[in-house]
Amino acid sequence: MALSPSPHVSIHRRRSRAAPRRRIVLNPKVRLSREGAVAGYGMLAAEDLEAGEVLFTIPRTALLSQHTTSIHALLQEAQESLQSQSGWVPLLLALLHEYTASNSHWQPYFSLWQDFRSLDHPMFWPEEERTRLLQGTGIPEAVDKDLANIHLEYNSIILPFMKSHPKIFDPKLHTVELYKELVAFVMAYSFQEPLEEEDEDEKGPNPPMMVPVADILNHVANHNANLEYSPQCLRMVTTQPVRKGQEIFNTYGQMANWQLLHMYGFAEPYPGNTHDTADIQMVTLRRAALQRAKSEAQQQLVSEQWDFLCQLEMVGEEGAFVLGWDEVLTEEELSMTLKVLCMSEEEFKEYKEQDGWEDDSGEEENSTLSNEALSRLKPPCKKLLYDSVLLTLESYRTDLRAEQDLLNNKEAYEKLSRREQQALHVRYGQKRILHQLLELVQ
């Protein structure tokens, strides 16, 4: 991912122990370059690096956030009225101002983003193309929610704030289109400092911030560097040895390909993304259970079982069961749903009378739904899961064989547009996981 260095702070090669307070200090054993990077700019090793080496140090004064923008006092004063579901509004207002103010200290930071054309998130794709390429992946639905939230935030929070500060903001300049581009910019390039463990339950997530130089590093699942936070500064540190000429990769977290494409505009080719996942919509299991019900009484039982699972907050109309390469990531929800939907009327009546409690001590030790555990499910649960996977696969426009043939045909693959290639990587990874599950439960 590519961004220019920080604007009002200098980047200096490390020469001495004492670093200027406002300077980003860069290790002389690394270089920033487009050449050799997988996408845009990247950071490459100019010399061999050992694990634990500091690649660069960024003072907190060099970060662009709601606290460092020139309008931070206004944002602080209006913080109550700027609260939103995303929590991004203060940073986005800061970016709206700094990006368009000719006297902004941050202009050099935005020098590579004069029109944001390099941002190619699915939210910028025509709806027809998004549906055609990504149907079944979960991305079109996520984008629809994003776009609705963007318009809601802009009209209900951003516009009133701008109108109350006409000397700083102009709705004709600071449009909803620019706001949308800046949302994508924050999606792709911002960082959120992790909370301390003791604060996780009490506080919401920290607001996002822009971190110059750190946002130049690209992402892969098997990364070799990590950003560390301290009260005075942030440091990028190698997590494993890096040979001269190799690219240095950060991690954006354990992200599935659909999340990478949705949030960052790219996906990892198979089999690179070890964190990839596939979803089975929760309502798909209900649909599969209803399809196998042979009488009206059995269908009524399925409806009652589903309502009971909803009361237990195990399922929801918009929820999904998440499958990884090695195990089910929503194991409790899927285990309980399979168990309840496969009960006879008598079993369900008794179970419901106990409010969903029973002696599960024999099952507790093996509660993890690993691939091995999935292969040992009881036959009715296997059948329900198998049918649910088949229904899920029907939601895609193409099958696994077609995707495989396209990936194996280098000439045909290279003729695809970038969007078609990225969408293919998302679909293919999901279908591989789903077909793996089919084999486990057939």
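Okay, so let's go over this structure. (Residues numbered from 1 in each chain as written. Predicted model: local features only at pLDDT ≥ 70, side-chain atom pairs only at ≥ 80, totals over all residues. Heavy atoms only, no water.)

**A word on empty space enclosed by the protein**
Evaluation of the coordinates by the stated rule reveals two cavities of 30 Å³ or more. Those elements that place two or more of their residues in the lining of the largest cavity are α12 (371–374) and α16 (418–441). The leading source of residues in the lining of the largest cavity is α16, at four residues. A class-by-class count of the residues in the lining of the largest cavity yields six nonpolar, three polar and one charged. Looking at the second largest cavity, its volume works out to about 40 Å³. Along its surface, the second largest cavity is lined by N257, E268, P269, Y270, P271, N273, D276, W325, H425 and G429. The residue inventory of the lining of the second largest cavity, partitioned by class, reads four nonpolar, four polar and two charged. (1 Å grid on protein atoms, 1.4 Å probe; cavity = no way out; pocket = protein on both sides within 12 Å on 5 of 7 lines; lining within 4 Å. Points joined across faces, edges and corners; volume = space filled by probe spheres on them. Helix = DSSP H or I, 4+ residues; strand = E, 2+ residues; numbered from the N terminus. Nonpolar A, V, L, I, M, F, W, Y, C, P; charged D, E, K, R; others polar.)

**Section: the sheet that holds strand β8 (residues 218–219)**
One key point about sheets: their strands pair by backbone hydrogen bonds, in either a parallel or an antiparallel sense. Taken together, the four strands give an open sheet; going across it, the order is β3-β4-β11-β8, and neighbouring strands pair in mixed fashion. The open sheet has two edge strands, β3 (30–33) and β8, and neither has a second partner. In terms of strand pairing, β8 meets strand β11 (residues 247–250) through two bridges, oriented parallel. Note that in β11 the partner of N218 across the bridge is F249. (Pairing = 2+ DSSP bridges.)

**Some thoughts on the layout of surface pockets**
Each pocket or cavity is described by its volume, and for the second largest pocket that value is around 740 Å³. Surrounding the second largest pocket, 33 residues form its lining, W88, M187, S190, Q192 and M263 being those nearest its centre. Residue assignment for the lining of the second largest pocket shows that the elements contributing at least two residues are α4 (139–163), α5 (176–189), β6 (190–191), β9 (225–229) and α6 (257–264). Residue contributions to the lining of the second largest pocket peak at five residues, all from α5. Residue composition of the lining of the second largest pocket, by class: 20 nonpolar, 10 polar and three charged.

Any functional reading would require information that these geometric values do not contain.
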